[in-house]
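# Examining the three-dimensional arrangement
Residue-level listing of the chains:
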Amino acid sequence: MKLVIGDKNSSSWSMRPWLVLRHFDIPFEEVLIRLGQPDTKETIRRYSPSCKVPCLITDSGEAVWESLAIIETLAECFPQLAMWPRDAAARARARSISAEMHGGFADMRRDMPMDIRTIAPGSGASPEALENVARIDEIWRECLAAHGGPFLFGEFSIADAMFAPVVMRFNSYAPPLGDEARAYVKRLTALPAVAAWIEGAARER
Ligand SMILES: N[C@@H](CCC(=O)N[C@@H](CS)C(=O)NCC(=O)O)C(=O)O
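Computed from a predicted structure; not experimentally measured.

## Thoughts on the pairing of strand E1 (residues 2-5)
- Bridge count for E1 against strand E2 (residues 29-32) is 4 bridges, and the pairing is parallel. Looking at E2, one finds that Lys2 is bridged to Glu29.
- The parallel pair E1 and E2 is bridged by helix H1 (residues 12-23), and the resulting crossover is right-handed.
- Note that E1 and strand E3 (residues 55-57) share 3 bridges and pair antiparallel. When the sheet's bridge partners are listed, Val4 is paired in E3 with Cys55.

Listed below in structure tokens is the structure:
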């Protein structure tokens, strides 16, 4: 299968399914399209009906777009890999926070854009963005306390992939976070699949 993505430095939506594929060691071909170029839209349109990345092209040639739809499709293709938590209640919670991430936190996304190579502590700290940050801190604290870490539901799951771009933003802008959330940021940043994405972003310079 093929995953069509945007720049690793800034394409937060692309990062999510890429991490799932990489962490769970699923072979895939990466097609990277540079964003913000005159021909970006036209190039993305060749793969993705929404003209947005990421887009998964399955082995049978089907296009799947929208990061969460791609991830759900992967979870369905590889049920043996426990991409979602095995426990039904934990899985329901993981789906809830993943959907909350996918559809929410617009203020933080606007004011603290993912820009992995930028380190600008304190930047983007509007009251609205900080309200989003506080809610994320609460989600992480509750999940880590309920499941004992090291990741939100114990082992790395789709929920961690959904929040990984937020971790990148927190590395860049260092908003106020509780101790548990700060430690989680460090652990997720050090995960080999996340480190590989960050290295890719550094190489794009
Ligand atoms: N809700 C979509 C958002 C996808 C999205 O906005 N992708 C951006 C890049 S991160 C894009 O393709 N932009 C097109 C462009 O820059 O021309 C998802 O979850 O996949």
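## Thoughts on the site of the ligand
- Inspection of the region around the ligand gives Ser11, Trp13, Leu35, Thr40, Lys41, Cys51, Lys52, Val53, Pro54, Glu66, Ser67 and His102 as its neighbouring residues.
- Within the contact set of the ligand, an oxygen atom lies 2.9 Å away from a side-chain nitrogen or oxygen of His102.
- Isolated, the ligand exposes 520 Å² of accessible area, and the fraction of that covered by the protein chains is 79%.
- Considering only residue class, the shell around the ligand consists of 5 nonpolar, 4 polar and 3 charged.

## A closer look at helix H4 (residues 88-103)
- Given a rise of 1.5 Å per residue, 16 residues ought to cover 22 Å, and the 22 Å separating the end C-alpha atoms of H4 matches this to within 8%.
- Taken residue by residue, H4 has Ala90, Ala94, Ile97, Ser98 and Met101 as its buried positions. Down the axis, H4 shows its buried residues gathered within 105° of arc, on one side only. Turned more than 90 degrees from where H4 packs its buried face, Ala89 and Gly103 sit exposed.
- Residues of H4 that are buried sit in contact with H1, helix H3 (67-77), helix H5 (106-111), helix H6 (127-147) and helix H7 (158-173).

Reading the values: rules and limits
Residues numbered from 1 in each chain as written. Predicted model: local features only at pLDDT ≥ 70, side-chain atom pairs only at ≥ 80, totals over all residues. Heavy atoms only, no water. Pairing = 2+ DSSP bridges. Helix = DSSP H or I, 4+ residues; strand = E, 2+ residues; numbered from the N terminus. Right-handed = clockwise from strand over helix to strand, strands pointing away. Near = heavy atom within 4 Å. Polar contact = N/O pair within 3.5 Å; in protein donor to acceptor, adjacent residues only side chain to side chain. Areas by Shrake-Rupley, 256 points an atom, 1.4 Å probe, with all protein chains shown as cover. Nonpolar A, V, L, I, M, F, W, Y, C, P; charged D, E, K, R; others polar. Expected span 1.5 Å × (residues − 1). Buried < 20%, exposed > 50% of the residue type's maximum accessible area, 1.4 Å probe, protein only. Arc of directions from axis to C-beta. Contact = heavy atoms within 4.5 Å.

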